[in-house]
Amino acid sequence: MSVSRRAFLSGACTLAAHPLVTPMAFATAQGDHRLVVILLRGGMDGIDAIRPVGDPGLQRLRPDGMTELGFELDRFYQASAGFNKLKPLWDRGDLAFVQAVSTPYRDKRSHFDGQDILEAGVAELGDARDGWLNRLLGLMPGSTARTAFAVGHEEMKIFKGDAPVMNWSPDARLTLTAQDRLLLDHIYKSDDAFRVAMSDAYMLLEETPSDVAMNGLPRRGAEVELARFAASQLLDDTRIASFSINGWDTHRRQARDLYRSLDALSEVLLTLREDLGPVWSQTTVVAMTEFGRTAALNGTLGTDHGTGGAMVLAGGAVRGGRVYGDWPGLSEADLYARRDLMPTADVRAYAGSVIGDLFGIGQSDLERHVFPGLSLENRPSVIL
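Keep in mind that this is a model prediction, so the values were computed, not measured.

> So, the overall build of the chain: which residues are in play, and what are the values?
When helices and strands are counted, the chain shows 12 helices and 12 strands. Taking all 384 residues of the chain together, 55% fall into the buried category. Element-wise, carbon and sulfur atoms account for 50% of the exposed surface of the chain, whose accessible area totals about 16100 Å².

> Just give me the short version of the environment of serine 381, but keep the residues and values in it.
Counting through the fold element by element, serine 381 comes out in the segment after α12 (363-370). If we ignore the near neighbours within four places in the chain, the residues touching serine 381 are Arg319, Tyr324 and Ser353. Engagement of the side chain of serine 381 in a polar contact is seen with the side chain of arginine 319, the distance being 3.5 Å.

> Please set out the nonpolar core residue by residue, giving values where relevant.
In terms of nonpolar packing, the biggest core is built from 51 residues, with Ile38, Phe83 and Leu272 touching the most fellow members. Looking at this core, the element that brings in the most residues is helix α10 (residues 254-276), giving 7 residues. Those residues in contact with phenylalanine 83 that sit more than four places away from it in its chain are Ala49, Phe71, Phe97, Leu262, Leu265, Ser266 and Val312. Formed by 43 residues, the second largest nonpolar core is a distinct cluster that contains Phe159, Val286, Ala349 and Tyr350.

> Can you lay out unusual backbone geometry for me, pointing to particular residues and giving the numbers?
The phi angle at alanine 100 is positive, at roughly 60°, despite the residue not being glycine. Considering the arrangement of structural elements, one finds alanine 100 in strand β6 (residues 95-102). Backbone geometry at arginine 109 places phi at a positive 60°, although glycine is not the residue there. Its location among the elements puts arginine 109 in the loop between β6 and α5 (111-120). The buried category is assigned to arginine 109, whose relative accessible area is 15%.

> Go over the sheet that holds strand β4 (residues 69-72), please, and point to the residues and values.
Taken together, 3 strands build an open sheet; the order of strands is β3-β5-β4 and the sheet is antiparallel. Every other strand in the sheet has two partners, leaving β3 (50-51) and β4 as the edge strands with one partner each. Two strands pair when backbone bridges link them, and β3 and strand β5 (residues 78-80) are joined in this way by 2 bridges, in the antiparallel orientation. The residue bridging isoleucine 50 from the neighbouring strand is alanine 79, located in β5.

Rules behind the numbers
- Residues numbered from 1 in each chain as written.
- Predicted model: local features only at pLDDT ≥ 70, side-chain atom pairs only at ≥ 80, totals over all residues.
- Heavy atoms only, no water.
- Helix = DSSP H or I, 4+ residues; strand = E, 2+ residues; numbered from the N terminus.
- Buried < 20%, exposed > 50% of the residue type's maximum accessible area, 1.4 Å probe, protein only.
- Areas by Shrake-Rupley, 256 points an atom, 1.4 Å probe, with all protein chains shown as cover.
- Contact = heavy atoms within 4.5 Å.
- Polar contact = N/O pair within 3.5 Å; in protein donor to acceptor, adjacent residues only side chain to side chain.
- Core = buried A, V, L, I, M, F, W, Y, C linked by side-chain atoms within 4.5 Å.
- Pairing = 2+ DSSP bridges.

Below is the structure:
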């Protein structure tokens, strides 16, 4: 017996409210454009990922210990080999990078504070108790709650706020024994709505494909499964999705670990491209991180928490095939605090440009409500 997408959502939403399941984030809205925001938790090293091979200071700061070089982006930049799978996207103009960007966060370099500011979209901790994607939903007529999936144990603060968004975590995958089902059926036997929703959910569990482990991590990799599920919802009514990918804190042996993370991100983007199919042309993926890494390698061939970093933009709606941003240079005098890449733009300016063009949000609303205090007077144009 097949389960319709609508029936699945009914069951999933009911399960999401149940104590067996804890809170990737999705929301519905009017219009045809899709937005996927991926949080790269841990601080991606943009200097290695999008290599400024044209800067003579790079060899001085990093004579070894970086990932292998991949395809050429332009005369100044070359991608890490970890991005090699994305060359077809680059050649089609469905991929772009942004260099030397950051949030307004400075100096303390805490993952927790940096991620909070990234998700809140504000200049200072304490300036907002909600997330910028939630504030965006409040400005979109006709937006409704769909389902939101905060994968793992992490709360997706980027969607926190008054606008309705549902949450679910595959990290607490539902594994029900026969006794569990009997208990639930007994407790809720007088609740007709719950009984019908649970019946749909039971069928969904029974029909889950064999390549997904319901009682553990997906066999194809957790990140790819997130992308597959996100795409399945974006093909329906969902218009905005957000989830996170961990593993970017490369204090040691960066060449190995960063390559793996870049390759995993590449698989996610290719999965979204494949599964979104006919709506890829209306899709924008924004991958952003809380801060960059130090310009020089440390003694263990890794990098420490820094400031200026990079973004990855993908999708058929992106003006791709280029690296955006103003490169500040890698001489000691050009570095922030003589140790980090100097930010030359606010990461929120690019995010604001994307959502403004995708969803028709005016500059005033972007500056006052979505990203309070941000000036978008000369915002970059990255959407076709």
